[in-house]
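# Understanding the architecture of this molecule
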Amino acid sequence: MIPTMAANPVATLPKASERTSEVRVLARGLAILRAFEPANEWRTNSELSAVTGVPKPTVSRITANLTEAGYLLYSTERAAYSLSTSVLALGFVAASHRNLVAIARPLMKEFADDHNVSVVLASPDRDSMVCNEVAHSDAMLFTLRIRAGSRLRMGQSALGRTLIGSMGDAERDRTLAKLALADPESWSALHSQVKSLVAQMQRRQFCVASGTLERGTNGVAVVVDTPEGPHSFALGCAAPSNILSVARIESVVAPSLLKLKQRLETELSTGAQAVGI
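Residues numbered from 1 in each chain as written. Predicted model: local features only at pLDDT ≥ 70, side-chain atom pairs only at ≥ 80, totals over all residues. Heavy atoms only, no water.

With eight of its nine residues buried, helix H6 (residues 158–166) lies for the most part within the structure. Within the sequence span of H6, burial applies to Ala158, Leu159, Gly160, Arg161, Thr162, Leu163, Ile164 and Gly165. (Buried < 20%, exposed > 50% of the residue type's maximum accessible area, 1.4 Å probe, protein only. Helix = DSSP H or I, 4+ residues; strand = E, 2+ residues; numbered from the N terminus.)

Okay, structure coming up:
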């Protein structure tokens, strides 16, 4: 006997209020998972509530469900949670930048030692730049207090500013509108400089930042285009201003950084063509 099709399949869809509730729960679950970055330290429900702003009873329900689903581990001794290997595996599978990081890592270290700087490869996430890889010069007595997984304010770092300067008008307007809401402090220091950032990128293909990330520190960044899309990443370096002056950036370091960018893009493009992407 052939089953009868529903006369009105739309009627079987969740109501709008139900869909909104489901999206809210999903957003809160993702916020809780993000709260473990960058070091995946053990966190209690109270700590997760404080970090995410989600009420503790709701956090308790979500962490119980995530533990049952295998995405969190629970320690009875600590009464706390950490990410399981299931989440880590999802992250590695989803990370389209894994080839870029593998290619960039030794080149970044070489660049850091050659120029006595810290080098960072980062990608945008909401109002921040997430550090995918970091390399420090062995000779530096001072290093930036960042590591892989750290977040930098998009409006204050050379990495974020170089992405903003490279965007098309519509994309840049959307990004700046989100930044104004999410990070008013960065926005107030940034909005008057946007035209300058765009001009820098159009004229020189790099962006210089002086003291915007940490006082007494200068930085420079370029965008890295990948086969997945334009300005997907930013590559930059920074050091104390007495080591990395603006004059040295413009005459020596920035041209070398542009060569590194071109090398990475060429190797990524060659690799993508080899696998038929």
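The subject of this paragraph is the sheet that holds strand E7 (residues 217–226). With antiparallel pairing, the six strands of this open sheet are ordered in space as E5-E4-E3-E8-E7-E6. The sheet terminates laterally at strand E5 (151–153) and strand E6 (207–210), the two strands that pair on one side only. Direction aside, neighbouring strands of the sheet carry axes that sit 35 degrees apart on average. Contacts from helix H9 (residues 194–204) reach E6 and E7 within the one sheet, and its direction differs from that of E6 by about 135 degrees. (Pairing = 2+ DSSP bridges. Axes fitted to C-alpha atoms, helices over the stretch in contact; angles between N-to-C directions. Contact = heavy atoms within 4.5 Å.)

Scanning the entire structure with this criterion turns up nine salt bridges. Close ionic contact of Glu267 with Arg263 constitutes a salt bridge, the shortest N to O distance being 3.2 Å. Here Glu267 pairs with Arg263, and both are found in helix H10 (residues 246–274), just four residues apart, close to one helical turn. For Glu267, a relative accessible area of 32% gives the class partly exposed. (Salt bridge = Lys/Arg side-chain N within 4 Å of Asp/Glu carboxyl O.)

We now examine the packing of H6 against H9. One can describe the packing of H6 onto H9 by two numbers: an axis separation of 8 Å at closest approach and a directional angle of 80 degrees. With respect to each other, H6 and H9 are oriented roughly perpendicular. Only Leu197, Val198 and Met201 of H9 make contact with H6, whose side of the interface consists of Arg161, Thr162, Gly165 and Ser166. Among the residues making up the contact of H6 with H9, the classes are represented as three nonpolar, three polar and one charged. (Parallel < 35°, antiparallel > 145°, perpendicular 65-115°, else oblique. Nonpolar A, V, L, I, M, F, W, Y, C, P; charged D, E, K, R; others polar.)

At their nearest, the axes of helix H2 (residues 45–52) and helix H3 (residues 56–68) sit 9 Å apart, and the two run at 115 degrees to each other. Considered as vectors, H2 and H3 are oriented roughly perpendicular to each other. In this structure, H2 meets H3 at a crossing whose hand is right-handed. On the side of H2, the interface is formed by Asn45, Ser46, Leu48, Ser49 and Thr52, while H3 contributes Lys56, Val59, Ser60 and Thr63. Partitioning the contact of H2 with H3 into residue classes produces two nonpolar, six polar and one charged. (Left-handed = near helix turned anticlockwise from the far one by under 90°.)

With that settled, the discussion passes to the confidence of the model for the protein. Low-pLDDT stretches of the model should not have their predicted coordinates read in fine detail. Looking at the protein, pLDDT values average 84 and 84% of them are 70 or higher. For the stretch residues 1–14, pLDDT sits under 50, and the model shows one contact to residues farther than four places along the chain or on other chains. (pLDDT = per-residue confidence, 0-100.)

Moving on to H3. Along its 13 residues, H3 runs 18 Å from first to last C-alpha, staying within 8% of the 18 Å computed at 1.5 Å per residue. Among the residues making up H3, those that are buried are Thr58, Val59, Ile62, Thr63 and Leu66. One side of H3 carries all its buried residues, which in axial view fall inside an arc of 125 degrees. Opposite the packed face of H3, turned more than 90 degrees from it, sit the exposed residues Pro57, Arg61, Asn65 and Glu68. Looking one or two places after H3, you find Gly70, whose phi comes out positive at around 95 degrees. (Expected span 1.5 Å × (residues − 1). Arc of directions from axis to C-beta.)

What follows concerns the nonpolar core. Note that soluble globular proteins tend to have their nonpolar side chains buried in a common cluster. One finds Phe111, Val119, Leu121, Val220 and Leu235 to be the most contacted residues of the largest nonpolar core, which totals 30 residues. Counting only elements with at least two residues in this core, the list comes to helix H5 (98–115), strand E3 (118–125), E7, strand E8 (229–240) and H10. If one sorts the elements of this core by residue count, H10 sits on top with eight residues. Residues contacting Val119, with those up to four places away along its chain left out, are Met108, Phe111, Ala112, Glu133, Val134, Ala135, Leu235, Gly236 and Cys237. Counting 26 residues, the second-largest nonpolar core is a separate cluster that includes Ile146, Val194, Val198 and Cys207. (Core = buried A, V, L, I, M, F, W, Y, C linked by side-chain atoms within 4.5 Å.)

Turning to the pairing of E3, a few remarks are in order. Here E3 lies mainly inside the structure; six of its eight residues are buried. Direction of pairing for E3 relative to strand E4 (residues 128–136): antiparallel, over a ladder of eight bridges. Counted as the bridge partner of Ser118 is His136 from E4.

Okay, unusual backbone geometry next. If you check the backbone angles, Ala79 has positive phi at about 55 degrees while not being a glycine. Of note, His231 is a non-glycine position whose phi angle comes to about 35 degrees, a positive value. Residue position: His231 is located in strand E8. A residue is classified by how much of its surface remains accessible, and His231, at 14% relative accessible area, is buried.

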